[in-house]
Structure formats: C-alpha cells, structure tokens
Amino acid sequence: MNEREKLNEIIRLSTELSTIKDIDILLERILFEARACVNADAGTIYSREGDLLHFSHAQNDTLQGKLPKGEKLIYKDFSIIIDKHSSVAGYVASTGEVLNIPDVYNLCSGCGYYFDVEFDKKSGYRTKSMLTVPLRYETDEVIGVIQVINAKDNDGNIIEFTEDDALFIKHFASTASIAMKNARMTRTLLLRMIHMAELRDPKETGAHVNRVAAYSVEIYERWANKRGLDRKEIDSNRDVLRMAAMLHDVGKVAISDTILKKPAKLTPEEYEVMKQHTTLGAELFTNTESRFDRIAAVIAVSHHENWDGTGYPKKPKGEDISIFGRIVAVADVYDALSCKRVYKEAWKEEDVIEEIKHLSGTKFDPEVVDAFFKSLTVIKAIAEKYPDKN
Ligand SMILES: [Fe+2]
Ligand SMILES: [Fe+2]
C-alpha cells in the first residue's frame, strides 16, 4: 500500500468502526483490522481498567489454523499491572510510547520490561516480532493497548514490523480509540439500566446479563454460519444482539416488589402479573427506526416463548418466534440452572446438560440447542470471564 492508499484505508476503517456499538465486538474488530493492515499473524488487545490492563481479545492465525473448522481458541482471562518494569504492554500503557521489538526473546538489556514466555510454552507458539501501541483518547488518556505479533512476508516468513507499520497502527489506534470510548459509554449505560432492574430483582445481575448476552452471540454465530448467512449480516447482528440480549428482563422494573421479591411460590394470579415483564420490557423499545430497539423489543417479548407454542405471552410456535428470542431462551435457562440463586443451589453440570437436551424440541428450538452444544467450550470460558460477585 502506498501513502495515499493507507490514508484511504484509515478513513474507510474509521467509518466502519463507528458503526459498531458494542465494546466487545468492536475490540475484536479493531484487532482484526490492525493485524490485517500490517500482515500480523497474531495479536492481543487490552483495555484499561484503573491501574490494570485487562486482557480483552487475542487472535492467532497459526494456532487457529490447527483447530477443526468452527472451533475457537480459548484464552484465559487476566490482568496486568501498568508500570515500566513488568510487561511490554504495561510499559506502553504507562509511558504512552510505541514499542517496536524485532524479537521479544532478545530484549535490550536494561530496558526494564520483560516478555512472559508462559503462553508460548503452553501453546507451542513462538512469539518473535511485536509492535505495541497505546490506544489513546484525545492525546493523553491511555484507554488500552494494542499489540500485533509476528509480521509475515509474502511467503509467510516471520519478519520485523517496519517503521511504516508502526506509524500506520499509531494512526489507526487514534481512530479506534474514539469508537472505543463511545462503545464503552454505551456498555456503561446498559449496565446502569440493568443495575436498576437488579435493584428490583436481584437475579438480574450485571454478571448474569453479560453471560447470557455473550452466550447468545456465540450461539447465534454458530447457527448463522451453519445456515450460510452473509458475514456482514452476521457481524451486524452480533453487535446488536450483544447489547439487546442484556436487556431481556429489563421489563421487571415495572413489576411490583411484592411479586418480584416474594420468598414463596407465586400464586397463579401473581404469576400472570410476572409474565407481563415480557411485554412491559418490549414497550421500552419503541423506536422502530432503530435496529437495536427492534431487536431488544423482540428479545424482551419472546424470550419465554416455547418452540412448541406453550410459552408466553403470545404463544407463537417454531420459527414464528424470532431467532433472537429462541437463542436468548436457551442462554438464559442454561445460565439460571448453572448458577446459584438465593432460592436454589447451582445444578450439577451434567444435570444442566441433560435438562437442555430434554427440552430440545419442546421448549427449545433443536437447531439452537445444537448450536449451543457445539459452542459449549466457548460458553464455559465466557462463564469464567463474568463470575458472580459473591
Ligand atoms: Fe424473563
Ligand atoms: Fe435472565
């Protein structure tokens, strides 16, 4: 790419990134595009949380290539300290410098930071060249770090990142951080809405809704790939679904405390009132011009419908229930059964699995259940990412 093409590429990417509203989907995309621009085999993106850098996403083409089609790499969640004398990413976040390292196994003596070989040891990967750039908002505030790993030449040999690569990623990072800032704000506002619902119904915690939403995105991607949906459509639906699924039970804010917090079983009349959280939730999203509102409304109203038409509130059957509702139904029940709640213990994993299988074809769409089981490894990793607080 020449200078002009690179500039055009940055402009194109900045427009594209600004259409992504969900922070997780956005970070994944930023990393992907950054790697594509400099032909990097792997990469990691961290977002800042106070004095720590939190690992957000990692991608690795070589390791991914060793997995069967459709499988995803599972990374352990971790945080690193932001300072000058621990990790490379921590150093970059603390100083705001760009580091272009030809070989991380040969760091300059006395540079202060270290490369942790643990991941390489476990995975059999050899990290060599590494370009680490701070994600900065309005020149000063570091909100994350992007790290691209192992530049490749046209024959696939690992080479160093060039000065041009560094410049390009630096420009790209400043564009990306604006989109990041907005997406973070959206996530914060959604979690605040959920916190309001949580004050009324302690079952609807931030952790629960993050899990249900992230499971839903995984299940949807499996389902959509199997159906052969277009990549663009899948990506934009994942983005909206990640946010909208969080609000599946937000209608509970309108249900009275005597019913929501009743320590005993609900009477049939009370249960009828409780069921209204579906339609009441949908009523919050009335802007038919907005795709987010349309999908959030559809999820709120349909997440208790059953495949065989025995659910509530409207009792449609089969594919007359929105796919988003069918997916959130499975994700929500899986999470509710797997977790401890005030009124019940967590179910044993094999019992949860049995129950989901058992409900396939009656309560749940068998195709969605199938996608759920195929995504189970990723789903379990998500559960670890968003643990309950107590
Ligand atoms: Fe619900
Ligand atoms: Fe829920």
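Residues numbered from 1 in each chain as written. Chains lettered and ligands numbered in written order. Predicted model: local features only at pLDDT ≥ 70, side-chain atom pairs only at ≥ 80, totals over all residues.

## Quick word on the nonpolar core
Cut-off, in case you're wondering: To count as a nonpolar core, a set of buried Ala, Val, Leu, Ile, Met, Phe, Trp, Tyr and Cys residues must be joined through C-beta atoms within 7 Å. Between the buried cut of 20 or more and the exposed cut of 12 or fewer other C-beta atoms within 10 Å of a residue's own C-beta lies the partly exposed class, and all C-beta atoms are placed from the backbone. Runs of H or I in DSSP of at least four residues are treated as helices and runs of E of at least two as strands, each being numbered from the N terminus. By the convention adopted here, residues make contact when the C-beta atoms placed from their backbones lie within 7 Å.
Grouped together as the largest cluster of nonpolar side chains are 46 residues, with contacts concentrated most on Ile219, Ala244, Ile327, Val330 and Val368. At nine residues, the largest contribution of residues to this core is made by helix H7 (residues 206-227). Apart from residues lying up to four places away in sequence, Ala244 is in contact with Phe292, Ile295, Ala296 and Ile299. One finds Ile23, Leu31, Phe161 and Phe168 within the second-largest nonpolar core, a separate group that totals 43 residues.

## Some thoughts on unusual backbone geometry
Here the residue pair Tyr312 and Pro313 is connected by a cis peptide bond, since its omega of 5 degrees sits within 30 degrees of zero. If you trace the backbone, Pro313 turns up in the loop between helix H12 (291-302) and helix H13 (323-338). Even without being a glycine, Asn39 presents a positive backbone phi close to 55 degrees. The backbone phi angle of Asn150 is positive, close to 55 degrees, even though this residue is not glycine. Mapping Asn150 onto the fold places it in strand E6 (residues 141-152).

## Describing the packing of H7 against helix H16 (residues 376-385)
Filter applied, for reference: Inter-axis angles, ranging from 0 to 180 degrees, are taken between N-to-C directions of lines fitted to C-alpha atoms, where helices are fitted over the stretch in contact. Our angle categories are set so that under 35 degrees counts as roughly parallel, over 145 as roughly antiparallel, 65 to 115 as roughly perpendicular, and the remainder as oblique. For any helix crossing, the convention is left-handed if the near helix is rotated counterclockwise from the far helix by under a right angle, and right-handed if that rotation is clockwise. Residue polarity is assigned by list, with Asp, Glu, Lys and Arg as charged and Ala, Val, Leu, Ile, Met, Phe, Trp, Tyr, Cys and Pro as nonpolar; anything else, Gly included, falls into the polar class.
Contact geometry for H7 and H16: axes closest at 10 Å, N-to-C directions at 160 degrees. The orientation of H7 with respect to H16, classified from their angle, is roughly antiparallel. Considering only the axes of H7 and H16, their crossing is right-handed. Judged by residue contacts, Arg211, Ala214, Tyr215 and Glu218 of H7 engage Val378, Ile379, Ile382 and Ala383 from H16. Here the contact of H7 with H16 is composed, by residue class, of six nonpolar, no polar and two charged.

## What to know about the domain arrangement of the chain
Here is the rule we go by: Domain limits in this description derive from either an automatic procedure or a database domain assignment.
Assigned domains of the chain: these are domain 1 (3-183) and domain 2 (201-385). Computed from C-alpha atoms alone, the centre-to-centre distance between domain 1 and domain 2 is 33 Å. At the junction of the two partners, domain 1 supplies nine residues and domain 2 supplies 10 residues. The residue inventory of the side of domain 1 that touches domain 2, partitioned by class, reads three nonpolar, one polar and five charged.

## Looking at the packing of H7 against helix H8 (residues 231-244)
Their axes nearest at 9 Å, the elements H7 and H8 cross at an angle of 160 degrees. Judged by the angle between their axes, H7 and H8 are roughly antiparallel. The hand of the H7/H8 crossing is right-handed. Along its contact with H7, which presents Ala213, Ser216, Val217, Tyr220, Glu221 and Ala224, the element H8 presents Ile234, Asn237, Arg238, Leu241 and Arg242. Considering only residue class, the contact of H7 with H8 consists of six nonpolar, two polar and three charged.

## Topic: the environment of Phe119
Within the secondary structure layout, Phe119 lies in helix H5 (residues 118-123). The sequence separation of Phe119 and Tyr75 amounts to 44 residues, and the corresponding C-alpha distance is 9.7 Å.

## Regarding the pairing of strand E1 (residues 40-49)
Applied cut-off: At least two DSSP bridges between two strands are required for those strands to pair.
The buried fraction of E1 is high, at seven of 10 residues. As defined by bridge partners, E1 adjoins E6 across seven bridges and the pair is classed as antiparallel. Among the inter-strand pairings, Ala42 is bridged to a residue of E6, identified as Ile149. Pairing analysis gives eight bridges linking E1 to strand E2 (residues 52-60), with the strands arranged antiparallel.

## Notes on the environment of Glu97
Tracing the chain through its elements places Glu97 in the loop between helix H4 (88-95) and strand E4 (99-101). C-beta crowding within 10 Å serves as the criterion here: with 13 such atoms nearby, Glu97 is assigned to the partly exposed category. Through-space distance from the C-alpha of Glu97 to that of Pro134 is 7.1 Å; in sequence the pair is 37 residues apart.

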